[in-house]
Amino acid sequence: MSHTLGIRQAQKQKTRQALLDAALALLEEQSLSSLGLREVTRAVGVAPTAFYRHFRSTADLGVALVEEALGSLHPMIRTTVSADGDPDERIARAVELISHHVASHTAHVRFIARERHGGVQPVREAIQDQLARFGEEVKDALAKDPVSDGWSDDDLLMLANLYVDQMLMTASLFLDALEATEEERARVARIATRRMRLISIGRHHWLD
């Protein structure tokens, strides 16, 4: 019996992932608010009623895509602002990590960029919740750096959110440059690096 249940659970998870993958592919060309569940189930080859075994609505599916797109990034975000190494090296590492992530997870990045201010409220809120978590985690990482001695929690959170916003902006720049020349992508990396350095320099003089 347990073996049979295991097979059913595995098949259910496979179908759920297939629905997520199909939706993400369809969302390359449209927004979530215009996506119909029949489009998704048709792409997977299952009946529309099967959709509701996994998601309550397309908004619910969108929230799951947010978790898939952003949930795994928390370790990477913390790494980019850790106190280890030279500040310029950390910035260069952060820009490189963002560039690599955009290239390897383009559809997820495009989905977040489009739906962050899109028309589906639960998805907007899910994205904001994830970004708020990033901010808190970055704040905790920054607090461990001796440079942060004397900073208030509010100021640390403000700085953390500046870094998170800049990472999102950098991801958007790399997304727009995916089909550009190598020279243009290098220019994007230089711009992103300069902006991050500007935040870092301001950080060192905030308490002056």
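Owing to the predicted nature of the structure, the values given are computational and were not obtained by experimental measurement.

Caption draft 1: Region of interest: the overall build of the chain. Along its length, the chain carries 10 helices and zero strands. Going residue by residue from the N terminus, the α and β elements of the chain occur as α-α-α-α-α-α-α-α-α-α. By principal-axis analysis of the C-alpha atoms, the chain measures approximately 65 × 45 × 35 Å. A total of about 11,700 Å² of accessible surface is found on the chain, and carbon and sulfur atoms cover 52% of it. For the chain, the separation between the mean place of its 25 positive charges and that of its 30 negative charges on side chains is 8 Å.

Caption draft 2: A look at the environment of Gln166. Take Gln166: it is sitting in helix 9 (residues 153-176). Once residues within four sequence positions are removed from consideration, Gln166 is found in contact with Arg195, Met196 and Ile199.

Caption draft 3: Broad picture of helix 2 (residues 37-44). Residues Leu37, Val40 and Thr41 constitute the buried set of helix 2. For helix 2, the buried positions fall inside an angular range of 90° around the axis, keeping them on one side. Facing away from the buried side of helix 2, by more than 90 degrees, are the exposed residues Arg38, Arg42 and Ala43. Backbone geometry just downstream of helix 2 places Gly45 in the positive-phi region, at approximately 90°.

Caption draft 4: Here's a closer look at the nonpolar core. Residues Leu65, Val66, Leu70 and Phe111 are the most contacted members of the largest nonpolar core, which totals 54 residues. Residue contributions to this core peak at nine residues, all from helix 9. Dropping the residues within four chain positions of it, Leu65 is found in contact with Leu20, Ala23, Leu24, Leu27, His108 and Phe111.

Caption draft 5: Representation of the pattern of salt bridges within the structure. According to the stated counting rule, one finds nine salt bridges in the structure shown. The partner of Asp88 in a salt bridge is Arg197, with the nearest N and O atoms 3.6 Å apart. Taken together, the residues Asp88 in helix 6 (residues 87-104) and Arg197 in helix 10 (residues 182-204) connect sequence positions 109 residues apart. Its relative accessible area of 39% is what places Arg197 among the partly exposed residues. Its salt-bridge partner being Arg90, residue Asp145 comes within 3.7 Å of it at the nearest N-O pair. Of this pair, Asp145 sits in the loop between helix 8 (121-143) and helix 9 while Arg90 sits in helix 6, and the two are 55 residues apart along the sequence. Relative accessible area serves as the criterion here: at 10%, Arg90 is assigned to the buried category. Among the charged side chains, a network of salt bridges with common partners joins Arg90, Asp145 and Arg203.

Caption draft 6: Quick peek at the packing of helix 6 against helix 9. Where helix 6 meets helix 9, the closest approach of the two axes is 9 Å, and the angle between their N-to-C directions is 50°. Considered as vectors, helix 6 and helix 9 are oriented oblique to each other. Crossing geometry of helix 6 relative to helix 9 is assigned as right-handed. Across the interface between the two elements, Val95, Ile98, Ser99 and Val102 of helix 6 pack against Met167, Thr170, Ala171, Phe174 and Leu175 of helix 9. Of the residues in the contact of helix 6 with helix 9, the class split is seven nonpolar, two polar and no charged.

Reading guide: rules and limits
- Residues numbered from 1 in each chain as written.
- Predicted model: local features only at pLDDT ≥ 70, side-chain atom pairs only at ≥ 80, totals over all residues.
- Heavy atoms only, no water.
- Helix = DSSP H or I, 4+ residues; strand = E, 2+ residues; numbered from the N terminus.
- Areas by Shrake-Rupley, 256 points an atom, 1.4 Å probe, with all protein chains shown as cover.
- Lys, Arg positive; Asp, Glu negative; His and termini not counted.
- Charge placed at Lys NZ, Arg CZ, Asp CG, Glu CD.
- Contact = heavy atoms within 4.5 Å.
- Buried < 20%, exposed > 50% of the residue type's maximum accessible area, 1.4 Å probe, protein only.
- Arc of directions from axis to C-beta.
- Core = buried A, V, L, I, M, F, W, Y, C linked by side-chain atoms within 4.5 Å.
- Salt bridge = Lys/Arg side-chain N within 4 Å of Asp/Glu carboxyl O.
- Axes fitted to C-alpha atoms, helices over the stretch in contact; angles between N-to-C directions.
- Parallel < 35°, antiparallel > 145°, perpendicular 65-115°, else oblique.
- Left-handed = near helix turned anticlockwise from the far one by under 90°.
- Nonpolar A, V, L, I, M, F, W, Y, C, P; charged D, E, K, R; others polar.

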